[in-house]
Amino acid sequence: MINIEFKGILAKRLGEKWNLQVSSVLEIFQAIEANNGEVNNLFADLQNFCTHFIVFVNGKIMPPHLLNSKILKNNSEVKIVPVVQGGGISVVLFIIGLAFSALSMILAKSMSPKSPKDVSTSSAVLGQVRNVVNRNIVVPLGYGRMRVGSAVVSNNIFATYDGRLYGNDQNEESFMKKTLDENFDTIFDEFEIQAGWLRGLTYS
Amino acid sequence: MITNYQNLNRFFKKELLDSLKFKSVGSKAEICGFVVNGVFFEKINRHPDKENFFLISPKDCLWGDSVVLFHSHPKHIKEKNFSSWDLTNQYYFNLDMLLYSVNNDEFYFNKL
């Protein structure tokens, strides 16, 4: 687990201490957002935070370009603190906290979900609900209490032949035909795929 | 925002305020540090333009509900009260803030 400590306004809004299983600083914010939904609420402010915070990893200042890098090891200590600064004149001449400039951009990109592609479907499995589909998307592994919806499963079907299974009296073509004969209905009926066109091509 | 010297005695002892005033008057640069339970811990001002700004290293910072950030505005700064840059940053570091303005001979206290 990674020990995370916030100071200043982040401690007030997100909580001072966290223990999370994350591998990058960006994932800290994604994990906290998954837990309490506060990061997105703060996100408008984070645009302004870019010049006011510094990230320490194990006591050393972390360069901004490592925000999305998997640099956190087990028991790493991350501290995100505001820069204590001010001045007698109101013109800002010096900016120190650069760590969040990259973060705000990365957050903007990574926390905006991609629009799923709408498809019309006649699936009886999901009834009248409109399906969405997007191949090979990331499926969140949830823990804790949450409300879920939309793209919660990602699957992909592909067939390969490893060349090991047919005997001396069979060639590759006959083996594949036999295998499909035996398993076709089982394989495809489970997924309710109307694959008549495939069957026709296979047996022609 | 409290600017009255007498009212500040509710929060800070007169000896502490006199000490902060003495340090501030004798410096051309901004003095900065933390007041914790009535004791002032001065910190190095690491800003490159120390006469107009202050900056405390994050490694030197103190945090907690009873921590008050102090800084001074030297004599050449005519502005009364906290600057907008002071208040902008206070939102982020989220500490009570005490200021002494040498030019105006006044303390200002902004409690969150």
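Placed above this text is the structure.
Presented here is an overview of the structure given in this document. Being a predicted model, the structure only gives us computed values, none of them experimental. (Residues numbered from 1 in each chain as written. Chains lettered and ligands numbered in written order. Predicted model: local features only at pLDDT ≥ 70, side-chain atom pairs only at ≥ 80, totals over all residues.)

### Some details on the overall build of chain B
When helices and strands are counted, chain B shows three helices and six strands. Classification of the 112 residues of chain B by burial places 37% in the buried group. (Helix = DSSP H or I, 4+ residues; strand = E, 2+ residues; numbered from the N terminus. Buried ≥ 20, exposed ≤ 12 C-beta atoms within 10 Å, placed from the backbone.)

### Re the overall build of chain A
In terms of regular secondary structure, chain A is built from six helices and eight strands. Each helix and strand of chain A, placed in order from N terminus to C terminus, yields the pattern β-α-β-α-α-β-β-β-β-α-β-β-α-α. When burial is assessed residue by residue, chain A has 18% of its 204 residues classed as buried. Restricting to contacts in chain A with at least 6 residues of sequence separation, those with at least 24 account for 54%. (Contact = placed C-beta atoms within 7 Å.)

### Description of unusual backbone geometry
If you check the backbone angles, A:Asn58 has positive phi at about 50° while not being a glycine. With respect to the secondary-structure elements, A:Asn58 resides in the loop between strand 3 (53-57) and strand 4 (60-61). Positive phi, normally seen in glycine, also occurs at B:Asn94, with a value near 60°. Here B:Asn94 shows up in the loop between helix 3 (84-93) and strand 5 (96-101).

### Some points on the nonpolar core
Core analysis: the largest hydrophobic core is formed by 47 residues, its most contacted members being A:Val78, B:Val68, B:Phe70 and B:Leu98. When residues of this core are assigned to their parent elements, the largest contribution, five residues, is made by helix 2 (residues 25-36) of chain A. Ignoring anything within four residues of it in the chain, the contact list for B:Phe70 reads B:Leu20, B:Cys32, B:Gly33, B:Phe34, B:Val35, B:Phe40 and B:Leu98. (Core = buried A, V, L, I, M, F, W, Y, C linked by C-beta atoms within 7 Å.)

### Thoughts on the interface of chain A and chain B
A common way to express how large an interface is: the accessible area buried when the components associate. Contacts between the two partners involve 20 residues from chain A, matched on the other side by 26 residues from chain B. Listing elements by their share of the side of chain A that touches chain B, those giving two or more residues are helix 1 (9-14), strand 5 (77-82) and strand 6 (84-87) of chain A. If one sorts the elements of the side of chain A that touches chain B by residue count, strand 6 of chain A sits on top with four residues. When grouped by side-chain class, the residues that make up the side of chain A that touches chain B number eleven nonpolar, seven polar and two charged. (Nonpolar A, V, L, I, M, F, W, Y, C, P; charged D, E, K, R; others polar.)

### Regarding the sheet that holds strand 2 (residues 39-43) of chain B
Adjacent strands of a sheet form backbone hydrogen bonds with each other and so pair up, either parallel or antiparallel. Residues and elements named next belong to chain B. The strand order 2-1-4-5-6 describes an open sheet built from five strands, whose pairing is mixed. Whereas interior strands pair on both sides, the edge strands pair on one side only; in this sheet they are strand 2 and strand 6 (106-110). Each strand of the sheet is rotated relative to its neighbour by a mean of 25°, with strand direction disregarded. The pairing of strand 4 (residues 67-73) with strand 5 spans six bridges and is parallel. Bridging from a neighbouring strand, Ser-72 pairs with Tyr-100 of strand 5. (Pairing = 2+ DSSP bridges. Axes fitted to C-alpha atoms, helices over the stretch in contact; angles between N-to-C directions.)

### Observations regarding the sheet that holds strand 3 of chain A
Residue and element names in this part refer to chain A. Read across the open sheet, the five strands follow the order 2-1-5-3-4; overall the sheet is mixed. Because the sheet does not close on itself, it has two edges, and the strands there are strand 2 (17-20) and strand 4. Running over the sheet, helix 2 touches strand 1 (2-6), strand 2, strand 3 and strand 5 and is turned about 100° from strand 2.

### Examining the environment of B:Lys111
Note on placement: B:Lys111 falls in the segment after strand 6. A sequence separation of 15 residues divides B:Lys111 from B:Asp96, and the C-alpha atoms of the two residues are 4.7 Å apart.

### Side note on the environment of B:His47
Within the secondary structure, B:His47 sits in the loop between strand 2 and strand 3 (53-56). Note: C-alpha distance between B:His47 and B:Glu30 (17 residues apart in sequence) is 9.5 Å.

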